[in-house]
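Summary of structural features
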Amino acid sequence: RSGAVDPENTIGPTPTQLTNAAEALNLLIKEWEYLGIQLWERKYAAIFPQKGQQVYVLGDPTPAGDHACLSTPLGTGFVKTTLSAAMAAGATTATLTAIATTATAGIPAITVATTCNIGIQQDSGTIFWTTVNGALSGNTATLTAGITTAASAGQCVYAYATKLMRPLRVLDGFYRMNGGNDVPCLIIPRENYNRFGMKSSPGTTIQLYYDPQSTSGNLYVYPASNLTNGVLYIEMTKPIDDQDTATDDFNFPQEWLNTLKFNLALRLAPEYEISEIKYKQIQYIAQQSFEDVKGYDQEFASMYLQPSNWTYTDNRGY
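Residues numbered from 1 in each chain as written. Predicted model: local features only at pLDDT ≥ 70, side-chain atom pairs only at ≥ 80, totals over all residues. Heavy atoms only, no water.

1. Section: the packing of helix α3 (residues 257–268) against helix α4 (residues 276–296)
Their axes nearest at 8 Å, the elements α3 and α4 cross at an angle of 140 degrees. Handedness of the crossing formed by α3 with α4: left-handed. The segment α3 lies against α4, with Asn-258, Thr-259, Phe-262, Asn-263, Ala-265 and Leu-266 engaging Tyr-279, Ile-282, Gln-283, Ile-285, Ala-286, Ser-289, Phe-290 and Val-293. Its residues placed into classes, the contact of α3 with α4 shows nine nonpolar, five polar and no charged. (Axes fitted to C-alpha atoms, helices over the stretch in contact; angles between N-to-C directions. Helix = DSSP H or I, 4+ residues; strand = E, 2+ residues; numbered from the N terminus. Left-handed = near helix turned anticlockwise from the far one by under 90°. Contact = heavy atoms within 4.5 Å. Nonpolar A, V, L, I, M, F, W, Y, C, P; charged D, E, K, R; others polar.)

Right, dumping it as C-alpha cells:
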C-alpha cells in the first residue's frame, strides 16, 4: 500500500525493506500500548509474597527479580503444593504432596519439572527459592541449592516455569489467603504510598502502588505481608510481543489486522514516493479502522460511582 512493492510483481520486498517495515511496526505497536486499548492483553499474574518484603521487582528474569508468573486463566500457571516430609537445613531434596495441577477443559496440567523455579516455605517464615535440578523421582525433587533453615512437613511449596514480564500497568489486585478467601487490594498513587509512616508494617497486603521503570517494574505493597502461604494476584496489561522474524504471528486479535495493515502503510509512506491522493486514501482508512477497533476494544460492564473512603491522619491525629 505504501508503494514499496508493486502488488502485481512477483518479486517480494528486499531484506532491508522487511527490516525497516518490522521496525516501524514494532514502534507503532509500542505507541499503541500506552493508549491502554489492548483489552485482550489484560492478564492476571500471581506474585508469591516474601515475609516482610515491601517492594517486588517484576519483569527481571535474573535472580535479582522477584518471583511471579502469568496466571491467566486466574489461578493457573503454577503448582501450589506442600512438603510431605520435613527438610533439614541444607537439604537439597524435597518430597512433595503433589507435583502437578489438575487439567480441565482447555487448560492443560502444569507439572513440576527440571529447571522450574521452586519456592519452599521454611519454618522461619521466609520462602527459599531455587530451581529444580533434573527430573523428579516420583514426588521427590532435587534442588540446585539447599534450603537455609529447616522446613516442616506441610509447609507450602510453589513451582512455576517462567518469570513474569514487566507489566505496563497494574489495574487491580487481591490477596488470596491459604484457605481460598480473597482480600481486595486498593491501587493507590505514589503520593498516598509516600504518606505511610511505617512502610514495613506487617499484615495482610491491602494496598498496592506500581512504579513502571524502563526494564522492570516495582510493585510496592502495604502492609508488608506477614504470611507466605497465600498468593497476591494482580490484573495487569501485558506488553505486546515484538515482531522479530518473518514467521512471527501478530499478537493481535483478527479484528485488528486491517488496522495494522493500513497504519503500517501510513508509517512507511513517507519513505516512498506516492501521490498525495494515495497518501490521503491510506491516511483515511488507517484512521477510520483504528477508531473502529478502538471503540470496540473495551469492557462491557456497569460502572459505579461513589465517594472515596480514603482518609489520612498524621501523627497528631488530624
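There is more to say after this.
2. Details of empty space enclosed by the protein
Overall, the coordinates contain one cavity of 30 Å³ or more when judged by the stated rule. Of the pockets and cavities examined, the largest cavity occupies roughly 40 Å³. Pro-49, Tyr-56, Tyr-175, Thr-205, Val-221, Ser-225 and Leu-232 together form the lining of the largest cavity. Per-class residue counts for the lining of the largest cavity are five nonpolar, two polar and no charged. (1 Å grid on protein atoms, 1.4 Å probe; cavity = no way out; pocket = protein on both sides within 12 Å on 5 of 7 lines; lining within 4 Å. Points joined across faces, edges and corners; volume = space filled by probe spheres on them.)

3. Things to note about α4
With 21 residues, α4 should cover 30 Å at 1.5 Å per step; its first-to-last C-alpha distance of 31 Å lies within 8% of that length. Looking at the packing, one finds that the buried side of α4 touches α1 (15–33) and α3. (Expected span 1.5 Å × (residues − 1).)

4. Section: the pairing of strand β9 (residues 156–160)
Across the five residues that make up β9, a large majority, five, are buried. Burial of the side chains of β9 extends over both faces: Cys-156, Tyr-158 and Tyr-160 are buried on one face and Val-157 and Ala-159 on the other. Here strand β4 (residues 79–82) pairs with β9 via four bridges, running antiparallel. Its bridge partner lying in β9, Lys-80 is registered against Tyr-158. The pairing of strand β6 (residues 117–121) with β9 spans four bridges and is antiparallel. Across the sheet, the residue bridging to Asn-117 is Tyr-160, located in β9. (Buried < 20%, exposed > 50% of the residue type's maximum accessible area, 1.4 Å probe, protein only. Pairing = 2+ DSSP bridges.)

5. A closer look at the layout of surface pockets
By volume, the second largest pocket is sized at about 230 Å³. In terms of lining, the second largest pocket is formed by 13 residues, of which the most central are Gly-75, Phe-78, Lys-80, Arg-176 and Tyr-233. Mapped by element, the contributors of at least two residues to the lining of the second largest pocket are β4 and β16 (231–237).

The values reported here are purely geometric and, on their own, carry no functional implication.
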